[in-house]
Amino acid sequence: MKRAIVRILPGVVVLLIVGSLPTLAQRTTALLEGQVIDSAGAVIPGADITAVNIHTGFSRSTVSSDLGEYRISLLPV
């Protein structure tokens, strides 16, 4: 019985340590997505969208799709 515990314990410890580490992508990037619409609720295709970090000056741009949708991924937080 003692021998079985000694064999299992190191594996359990490793799983606990690895499982408790935060995922790197969740800590270092952000995603911005949405839809561009006008005041009447109509979608606006081809709209220029720019995300700007006012503290660092970092910016990333995209253009809305035919459905007015946009997605800017991997933004540094």
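Owing to the predicted nature of the structure, the values given are computational and were not obtained by experimental measurement. (Residues numbered from 1 in each chain as written. Predicted model: local features only at pLDDT ≥ 70, side-chain atom pairs only at ≥ 80, totals over all residues. Heavy atoms only, no water.)

### Observations regarding the nonpolar core
By size, the foremost hydrophobic cluster in this structure holds seven residues: V36, A47, I49, A51, Y70, I72 and L75. When residues of this core are assigned to their parent elements, the largest contribution, three residues, is made by strand β4 (residues 69-76). If near-sequence neighbours (up to four positions away) are discounted, A51 is found in contact with L32, F58, S59, R60, I72 and L75. (Core = buried A, V, L, I, M, F, W, Y, C linked by side-chain atoms within 4.5 Å. Buried < 20%, exposed > 50% of the residue type's maximum accessible area, 1.4 Å probe, protein only. Helix = DSSP H or I, 4+ residues; strand = E, 2+ residues; numbered from the N terminus. Contact = heavy atoms within 4.5 Å.)

### Concerning the confidence of the model for the protein chain
Looking at the protein chain, the pLDDT average stands at 79 and 65% of residues meet or exceed 70. No element of the protein chain has a lower mean pLDDT than helix α1 (residues 2-20), at 53, and none a higher one than strand β3 (residues 59-63), at 95. (pLDDT = per-residue confidence, 0-100.)

### Things to note about the environment of A42
Tracing the backbone shows A42 in the loop between β1 (29-35) and β2 (48-52). Each C-alpha atom, one on A42 and one on L67, is 9.4 Å from the other, the two residues being 25 residues apart in sequence. Filtering out sequence-adjacent residues up to four positions away, A42 remains in contact with V36 and I37.

### Side note on the pattern of salt bridges
Counted according to the given criterion, the structure contains one salt bridge. With its nearest N and O atoms 3.1 Å apart, the salt bridge here joins E33 to R71. On the criterion of sequence distance, the pair formed by E33 in strand β1 and R71 in strand β4 is long-range, its members being 38 residues apart. We classify R71 as exposed; its relative accessible area is 54%. (Salt bridge = Lys/Arg side-chain N within 4 Å of Asp/Glu carboxyl O.)

### Quick look at unusual backbone geometry
The residue L74 is not glycine, and still its phi comes out positive at about 55°. Looking at the element boundaries, L74 is found in strand β4.

### Things to note about the environment of I49
Mapped onto the elements of the fold, I49 is located in strand β2. Among residues more than four places away in sequence, those in contact with I49 are V36, R60, S61, T62, V63, S64, Y70 and I72.

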